[in-house]
Amino acid sequence: MEPNNEDNASFNPAAPLPGFSAIPPPIPPPMAPIPHAPLPRPPTFRPPAPQNGGGKASDSDSESEDEHYVISEESKQVRERQEKAMQELLIKRRAAAIAVPTNDKSVRDRLRRLGEPITLFGEQEMERRARLAQLMARLDIGGQLDRLLQAYEEDAAPKDEVDEEELQYPFFTEGPKELREARIEIAKFSIKRAAVRIQRAKRRRDDPDEDVEAETKWALKQAKGMVLDCSNFGDDRPLTGCSFSRDGKILATCSLSGVTKLWEMPQVTNKIAVLKDHRERATDVVFSPVDDILATASADRTAKLWKTDGTLLQTFEGHLDRLARVAFHPSGKYLGTTSFDKTWRLWDVNTGAELLLQEGHSRSVYGIAFQQDGALAASSGLDSLARVWDLRTGRSILVFQGHIKPVLSVTFSPNGYHLASGGEDNQCRIWDLRMRKSLYIIPAHANLVSQVKYEPQEGYFLATASYDMKVNIWSGRDFSLVKSLAGHESKVASLDITADSSCIATVSHDRTIKLWTSSSNEEEEEEDQGGETMDVDH
């Protein structure tokens, strides 16, 4: 029997079984390479540097050049601003650490010794002390200790060695003798007027026969009944100002032609006089409250004083730019003028002398008004401010900020403590002198307010003229709109109210004069046949 080859075949474990893949042989783990010495690096070729310097710099040279950066102008400006801010911060910190005297007199003395102004316009005591602290800090930081030590030594010196004349050095500019006499006269006049006003206010408050509420209603009823009474052309050029005489029998108007005309009331048809002497346009006209004289202002930098017959009495010269407004003091002895030279001035009516040149506004001065007592004056300007001045001392006692555009007109209420102002922001603001703040804001018109005027008896109502061609009448009690007088065809430049509040005159750039009177007078006379109408105290 032959052996089976398949049975006798030897078993090969590496041979794959049928239907199975071959198993790969195991891979031995890698072994770490045997260290050996590094091969030498072939030398690199460097071209020789050109002898004439025309080639590129080496790598080390380029790296050194990269270390220097070019700073732009903007970066320089930023760095300068940062340094300046740091310097200011350092000065503030140093100023806070420096001992500064709290006595205002000592502060003034130290400023004088350092050669600095002892006071600036409008500067208060705390502001002056802060200015001294910053000045001393700058001197300390700047290394100018000699001046600083000199100031300390003089402060530490005995008081007997200090010059008495230096301590009495005035911080104001002394005015002429005429101004001193005028201030005394104004003080005497205002004391009497104020006493009468206060006595009258007390009587109206305490007297049971005085019905203030009824009088106010009657006055507002008269104002509400205002209608157009007559109209007439006043000049060939636009009219700029108007004013009633003290008895209400004459109306004066001025225009851009430089001519001022006097009209007979109650119908402005007959001309009494024509005043011609200004070389430029006339800007304002006003009657004296005590005499039959009037003053005019012009762009020729002068104001003039006239009689009602057309005789020229005085010419007030001194302003450096055109005039805006003019106003009489309640005593009738002084005249105030405003100008675009940023000043307002006070003149002696009798002599024509300039008594006071008053600065204080940063831009042109436009409006001016005197309190009925005569103690205070108000000025307004294109710097959007209204200032109140004490004529007895010359001080600026109040500064009213609130208008956002130039203030063109100011007027005092007969009560003595309310001031109204109107400007290019279309608003009329009521200021309270006692509370030193804005009492009420009237959105008066759709265009700039050219003039404001209180009713002259008790301030029952307030009239405002505007470039929106209207004149509005507002209640003096709650400042609500009482009446709107529409009739002009162009900008209303000015208005005035008679002493008895029975008539309002308006002038406009449409060259017309319009008189507005109350239509309720005749109705009351018919209702009160044989009866007495309510008398309003004058």
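Preceding this section is the structure that the text describes.
Residues numbered from 1 in each chain as written. Predicted model: local features only at pLDDT ≥ 70, side-chain atom pairs only at ≥ 80, totals over all residues. Heavy atoms only, no water.

Regarding the overall build of the protein
Summing up its helical and strand segments, the protein has 10 helices and 28 strands in all. Relative to its full complement of 538 residues, the protein shows a buried share of 43%. A sequence separation of at least 24 residues applies to 49% of the contacts in the protein between residues at least 6 apart. In the form shown here, the protein has an accessible surface area of approximately 31,700 Å², with 51% of it arising from carbon and sulfur atoms. (Helix = DSSP H or I, 4+ residues; strand = E, 2+ residues; numbered from the N terminus. Buried < 20%, exposed > 50% of the residue type's maximum accessible area, 1.4 Å probe, protein only. Contact = heavy atoms within 4.5 Å. Areas by Shrake-Rupley, 256 points an atom, 1.4 Å probe, with all protein chains shown as cover.)

Notes on the sheet that holds strand 5 (residues 271-275)
An order of 2-3-4-5 is seen for the four strands of this open sheet, with the pairing classed as antiparallel. Each end of this open sheet is capped by a strand with a single partner; those strands are strand 2 (239-244) and strand 5. Ignoring which end each strand starts from, the neighbouring axes of this sheet average 20° apart. Two elements, strand 3 (residues 250-255) and strand 4 (residues 260-264), share five bridges in a ladder whose sense is antiparallel. Bridge assignment links Thr253 to a residue of strand 4, and that residue is Lys261. (Pairing = 2+ DSSP bridges. Axes fitted to C-alpha atoms, helices over the stretch in contact; angles between N-to-C directions.)

Describing the side chain of His403
As for its placement among the helices and strands, His403 is situated in the loop between strand 17 (395-401) and strand 18 (407-412). For His403, a relative accessible area of 7% corresponds to the buried category. A polar atom in the side chain of His403 sits 2.9 Å from the side chain of Asp425. Aside from chain neighbours lying at most four places away, what touches His403 is Ser384, Ser421, Gly422, Gly423, Asp425, Gln427, Arg429 and Trp431. (Polar contact = N/O pair within 3.5 Å; in protein donor to acceptor, adjacent residues only side chain to side chain.)

Points about the packing of aromatic side chains
For the coordinates displayed, the defined rule picks out five aromatic pairs. On the numbers, 4.8 Å between centres and 20° between planes, the contact of Phe400 with Trp431 is stacked. On the criterion of sequence distance, the pair formed by Phe400 in strand 17 and Trp431 in strand 20 (residues 428-432) is long-range, its members being 31 residues apart. Pair check on accessibility: Phe400 and Trp431 agree, each one buried. (Phe/Tyr/Trp six-rings, centres within 6.5 Å; stacked < 30°, edge-to-face > 60°.)

What about the pattern of salt bridges?
Counted under the stated rule, the structure contains 21 salt bridges. A salt bridge links Arg108 to Asp104; its shortest N-O distance comes to 3.0 Å. Separated by four residues within a single helix, Arg108 and Asp104 lie in helix 4 (residues 104-113), roughly one turn from each other. Overall, Asp104 belongs to the buried group, its relative accessible area being 16%. Measuring nitrogen to oxygen at the nearest pair gives 3.8 Å for the salt bridge that ties Asp496 to Lys453. Taken together, the residues span a long stretch of sequence, with Asp496 in strand 26 (residues 492-497) and Lys453 in strand 22 (residues 449-454) at a distance of 43 residues. With relative accessibility at 8%, the residue Asp496 sits in the buried group. (Salt bridge = Lys/Arg side-chain N within 4 Å of Asp/Glu carboxyl O.)

Notes on the pairing of strand 28 (residues 512-518)
Across the seven residues of strand 28, six count as buried, placing the element largely inside the fold. Of the pairings in the sheet, the one linking strand 1 (residues 226-233) to strand 28 comprises seven bridges and is antiparallel in character. Opposite Met226, over in strand 28, you have Ser518 as the bridge partner. Note that strand 27 (residues 503-508) and strand 28 share five bridges and pair antiparallel. Note that in strand 28 the partner of Ile504 across the bridge is Trp516. The loop that links strand 27 with its antiparallel partner strand 28 comprises three residues; one of these, Arg511, has a positive phi angle of about 75°.

Describing the pairing of strand 8 (residues 302-307)
In terms of burial, strand 8 is a largely internal element, five of the six residues being buried. In textbook terms, the turn of a hairpin is the stretch between consecutive antiparallel strands, and for strand 7 (residues 293-298) and strand 8 this stretch comprises three residues, one of which, Arg301, has a positive phi near 75°. As paired elements, strand 8 and strand 9 (residues 312-317) share five bridges and run antiparallel to each other. Residue pairing for strand 9: Lys304 is matched across the bridge by Thr315.

The values are spatial; any link to function lies outside them.
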